[in-house]
Amino acid sequence: MRQTPLYTPRDVLGIDLGDTPSVRVAAVVEPAADLLDRALVGWERFLDTFEAFPDE
């Protein structure tokens, strides 16, 4: 026997969505160039904290 849910998302959110199908939108977010430059500088500074392995 199939049970139906007590509440649908429409009931919980209290939003009247009507009969239109939902449309999904994918946001495109890219970091700014200055942020990428600062991250690269920080990463290189982090890598410089490690000692180089001696040649064996």
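As the structure is a computational prediction, the values presented were derived from the model and not from experiment.

Digging into the overall build of the chain
Phase 1 of the analysis: Helix and strand counts for the chain come out as two helices and zero strands.
Phase 2 of the analysis: When the accessible surface of the chain is summed, it comes to about 6500 Å², and 59% of that surface belongs to carbon and sulfur atoms.

Some details on a nonpolar patch on the surface
Phase 1 of the analysis: Nonpolar side chains collect at one region of the surface, where Trp 43, Phe 46, Leu 47 and Phe 50 lie side by side and expose about 440 Å² of accessible area between them.
Phase 2 of the analysis: Assessed through its relative accessible area of 42%, Phe 46 is described here as partly exposed.

With respect to the packing of aromatic side chains
Phase 1 of the analysis: On inspection of all chains with the given rule, the structure shows two aromatic pairs.
Phase 2 of the analysis: Relative to Phe 46, the ring of Trp 43 has its centre 5.5 Å away and its plane inclined at 35°; by these criteria the two rings are tilted. Of this pair, Trp 43 and Phe 46 both sit in helix H2 (residues 33–48), separated by three residues, roughly a single helical turn.
Phase 3 of the analysis: Through successive ring pairs, a cluster of aromatic residues spans Trp 43, Phe 46 and Phe 50.

About the thresholds
- Residues numbered from 1 in each chain as written.
- Predicted model: local features only at pLDDT ≥ 70, side-chain atom pairs only at ≥ 80, totals over all residues.
- Heavy atoms only, no water.
- Helix = DSSP H or I, 4+ residues; strand = E, 2+ residues; numbered from the N terminus.
- Areas by Shrake-Rupley, 256 points an atom, 1.4 Å probe, with all protein chains shown as cover.
- Patch = residues over 30% accessible without salt bridge, like charges linked within 9 Å, V, L, I, M, F, W, Y side chains within 5 Å.
- Salt bridge = Lys/Arg side-chain N within 4 Å of Asp/Glu carboxyl O.
- Buried < 20%, exposed > 50% of the residue type's maximum accessible area, 1.4 Å probe, protein only.
- Phe/Tyr/Trp six-rings, centres within 6.5 Å; stacked < 30°, edge-to-face > 60°.

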